[in-house]
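Here are the chains, one letter per residue:
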Amino acid sequence: MEEIKECPICEKSFAKAQSLFGHLQKHGLKQGQYEFDCKRCSSSFNTLSSFWTHQRSHDEQNRPFKCTRCAASFERKSQLKCHEDRDHKGLKPYACYVCGKRFYKKSDLGSHMKTHLGIRDLVCQICSKAFAHVSNLNRHKLTHGLEKPYVCKLCGQRYHQIATLNKHMKKHDFVDTK
């Protein structure tokens, strides 16, 4: 039996991967045109198969290395060490020479520098709008889809993005969307 697949955009579940691919097209996305962001960590993937493989890595049985300070667990000892250094020791050895913001990973500093340099090298293949960060591009891509997964519990109005729903909720004098 095939495992149930979840849409990484709106979290709708599907019994077959083929059904999920059809569903993704409702979001205005074609296979290979989307970065799938892990909601449990900062990883991002350009194929569903690599995304699902990564998701399984979050399962408890695949994570024998346990942090002694919190409930986190990891597949590899090196991941545990990174977690301890970053989250418990607060090590951030890489500093931005423009604003002073510090980062644990050199790649995160490099990504941050795009903001200062005005580099927007991630382009929406639908409308050509450019972004510096993949998370912003992914959020933008939702606006091209037909599906609006964020629903106002008070009036039923639907939105592509949680930020837009939150702005709408203020009209109801109600901020909490959980």
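Residues numbered from 1 in each chain as written. Predicted model: local features only at pLDDT ≥ 70, side-chain atom pairs only at ≥ 80, totals over all residues. Heavy atoms only, no water.

(A) Representation of the overall build of the protein chain within the structure. Looking only at helices and strands, one finds 6 helices and 12 strands in the protein chain. Counting only residues that meet the buried cut, the protein chain has 30% of its 178 residues in that class. Contacts in the protein chain between residues at least 24 apart in sequence constitute 19% of all its contacts with a sequence separation of at least 6. (Helix = DSSP H or I, 4+ residues; strand = E, 2+ residues; numbered from the N terminus. Buried < 20%, exposed > 50% of the residue type's maximum accessible area, 1.4 Å probe, protein only. Contact = heavy atoms within 4.5 Å.)

(B) Looking closely at the environment of Pro8. Among the structural elements, Pro8 can be located in the loop between strand E1 (5-6) and strand E2 (13-14). On the basis of relative accessible area, Pro8 is assigned to the buried category, the value being 11%. Separated by 12 residues in the primary sequence, Pro8 and Leu20 place their C-alpha atoms 9.9 Å from one another.

(C) Structural view of the pattern of salt bridges. Per the stated rule, a full pass over the model turns up 4 salt bridges. Put simply, Asp85 and Lys81 hold a salt bridge, and the shortest N to O gap is 2.8 Å. One end of the pair is Asp85 and the other is Lys81, both in helix H3 (residues 77-88) and 4 residues apart, which spans about a single turn. Owing to a relative accessible area of 8%, Asp85 belongs among the buried residues under this scheme. (Salt bridge = Lys/Arg side-chain N within 4 Å of Asp/Glu carboxyl O.)

(D) Examining the environment of Ala72 more closely. By secondary structure assignment, the location of Ala72 is in the loop between strand E5 (65-66) and strand E6 (73-74). Along the chain, Ala72 and His83 lie 11 residues apart, while their C-alpha atoms are 8.5 Å from each other. Residues contacting Ala72, with those up to four places away along its chain left out, are Phe65, Lys66, Cys67 and His83.

(E) Representation of unusual backbone geometry. Backbone geometry places Ser128, a non-glycine residue, at a positive phi of 70°. As for its position among the elements, Ser128 is in the loop between strand E9 (122-123) and strand E10 (130-131).

(F) Region of the structure containing the confidence of the model for the protein chain. Mean pLDDT for the protein chain: 78, with 78% of residues reaching 70 or above. Here helix H1 (residues 17-26) is the element of the protein chain with the lowest mean pLDDT, 69, and strand E7 (residues 94-95) is the one with the highest, 94. (pLDDT = per-residue confidence, 0-100.)

(G) Region of interest: the side chain of His168. Among the structural elements, His168 can be located in helix H6 (residues 162-171). The exposure class assigned to His168 is buried, which follows from its relative accessible area of 9%. Only 2.9 Å separates the side chain of His168 from the side chain of Tyr159, close enough to count as a polar contact. Once residues within four sequence positions are removed from consideration, His168 is found in contact with Cys152, Cys155, Gln157 and Tyr159. (Polar contact = N/O pair within 3.5 Å; in protein donor to acceptor, adjacent residues only side chain to side chain.)

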